[in-house]
Amino acid sequence: LTIDTPIIPTHESIKICAWVSPLSSIEYANFIHWISHDTPHDFLLISVSEKCIHSAAENFFDLAELLGNAVEIKSNDVSPYITEWGSLVEENADFRMINEIGKIQSFRSTDFDEYIINSMTRKWEPTPIVVLRIIETIHSEGHDFPGDIFLYHRLEKFFLNGIIEKQAEVSITQTQIRIASS
């Protein structure tokens, strides 16, 4: 979400509503970025659960109930969000994701290398199988991660550095891989 101009209610009785899933890395990071760059006057913060966002069958949530549970945020209440975003920007890491305790945190690309190495075997396996195993491990520990394309890029880097071997000189996604023999 990119907002170039401030959003100003045209009438005193109109409130801005921010719908945010606090467990979605992308949504929460965009929310605190928005707050720190375009601090609205007062607004309603509506916390939406993951199941309401992703499941079409459950997407008919009770709007009145959500609005009734909304928290009114005053312009002088946003400083913790601004501080949180400032810390993330200062860390200047590759990714900003929700950690296992539900707090947004900076991650470097190398923070996932242990998962990759621990998922590799000495026998040839199709790369998508290895990537699925990495994803399952990360999810089982309650971590968020940047996605499968990121993992394929890291595997290609591991190949170029001699950490893993590819069975054929083709795209990493279309071959079999294994840990390099030492």
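Residues numbered from 1 in each chain as written. Predicted model: local features only at pLDDT ≥ 70, side-chain atom pairs only at ≥ 80, totals over all residues. Heavy atoms only, no water.

Observations concerning the overall build of the chain
Here's step 1: Helix and strand counts for the chain come out as seven helices and eight strands.
Here's step 2: Across the 182 residues that make up the chain, the buried fraction comes to 36%.
Here's step 3: Of the contacts formed within the chain by residues at least 6 apart in sequence, a portion of 58% connects residues at least 24 apart.
Here's step 4: For the chain, the computed accessible surface area is about 11,200 Å², with 54% contributed by carbon and sulfur atoms. (Helix = DSSP H or I, 4+ residues; strand = E, 2+ residues; numbered from the N terminus. Buried < 20%, exposed > 50% of the residue type's maximum accessible area, 1.4 Å probe, protein only. Contact = heavy atoms within 4.5 Å. Areas by Shrake-Rupley, 256 points an atom, 1.4 Å probe, with all protein chains shown as cover.)

Considerations on the environment of Pro22
Here's step 1: By the element assignment, Pro22 lies in the loop between β1 (16-20) and α1 (25-37).
Here's step 2: Remark: the alpha-carbon pair of Pro22 and Ser49, spanning 27 residues in sequence, is separated by 7.8 Å.
Here's step 3: Ignoring any residue separated from it by four or fewer positions in sequence, one finds Pro22 in contact with Tyr28, Ser47, Val48 and Ile98.

Describing the pattern of salt bridges
Here's step 1: A complete count under the given rule lists eight salt bridges for this structure.
Here's step 2: In this structure, Lys74 and Asp42 form a salt bridge, with 3.5 Å as the shortest nitrogen-oxygen distance. With Lys74 in the loop between β3 (71-73) and α4 (79-91) and Asp42 in the loop between α1 and β2 (43-47), this pair connects stretches of sequence that are 32 residues apart.
Here's step 3: For Asp42, a relative accessible area of 26% corresponds to the partly exposed category. (Salt bridge = Lys/Arg side-chain N within 4 Å of Asp/Glu carboxyl O.)

A look at the packing of α1 against α4
Here's step 1: Between α1 and α4, the least distance of the axes is 8 Å, while the angle of their chain directions is 110°. Considering their axes alone, α1 and α4 lie roughly perpendicular with respect to each other. Together, Tyr28, Ala29, Phe31, Ile32, His33, Ile35, Ser36 and His37 of α1 and Tyr81, Ile82, Glu84, Trp85 and Leu88 of α4 make up the contact between the two elements.
Here's step 2: Of the residues in the contact of α1 with α4, the class split is nine nonpolar, three polar and one charged. (Axes fitted to C-alpha atoms, helices over the stretch in contact; angles between N-to-C directions. Parallel < 35°, antiparallel > 145°, perpendicular 65-115°, else oblique. Nonpolar A, V, L, I, M, F, W, Y, C, P; charged D, E, K, R; others polar.)

Focus: the sheet that holds strand β6 (residues 125-126)
Here's step 1: As summarised here, the arrangement of the three strands in space is β6-β8-β7, forming an open sheet in which the pairing is antiparallel. Each edge of the open sheet is held by one strand with a lone partner, namely β6 and β7 (164-166).
Here's step 2: Here three bridges tie β7 to strand β8 (residues 176-179), and the two strands are oriented antiparallel to one another. From the neighbouring strand, Glu165 faces β8, where its bridge partner is Arg178.
Here's step 3: Set on the sheet, helix α7 (residues 148-160) makes contact with β7 and β8; between it and β7 the angle comes to about 95°. (Pairing = 2+ DSSP bridges.)

Brief notes about the confidence of the model for the chain
Here's step 1: Predicted confidence across the chain gives a mean pLDDT of 84, with 85% of residues reaching 70 or more.
Here's step 2: Within the model, pLDDT remains below 50 along residues 53-57, and this stretch shows three contacts once partners closer than five positions in the same chain are excluded. (pLDDT = per-residue confidence, 0-100.)

Topic: the pairing of β8
Here's step 1: Note that β6 and β8 share two bridges and pair antiparallel. When the sheet's bridge partners are listed, Pro126 is paired in β8 with Gln176.

Points about the sheet that holds β2
Here's step 1: Strand order in this open sheet of three strands is β1-β2-β3, and the pairing throughout is mixed. Every interior strand has two partners, whereas the edge strands, β1 and β3, have only one. Adjacent strand axes in the sheet meet at a mean angle of 30° when their direction is disregarded.
Here's step 2: Bridge count between β1 and β2: five bridges; the pairing is parallel. When the sheet's bridge partners are listed, Ala18 is paired in β2 with Leu45.
Here's step 3: The strands touched by α1 are β1 and β2; relative to β1, the strand with the most contacts, the crossing angle is about 150°.

A few points about the packing of helix α6 (residues 127-140) against α7
Here's step 1: Relative to each other, α6 and α7 sit at 120°, their axes nearing to 10 Å. The pairing of α6 with α7 is recorded here as oblique in orientation. Along this stretch, α6 crosses α7, giving a crossing that reads as right-handed. Contacts from Thr127, Pro128, Val131, Ile134 and Ile135 of α6 reach α7 at Asp148, Leu151, Tyr152 and Leu155.
Here's step 2: Classifying every residue of the contact of α6 with α7 gives seven nonpolar, one polar and one charged. (Left-handed = near helix turned anticlockwise from the far one by under 90°.)

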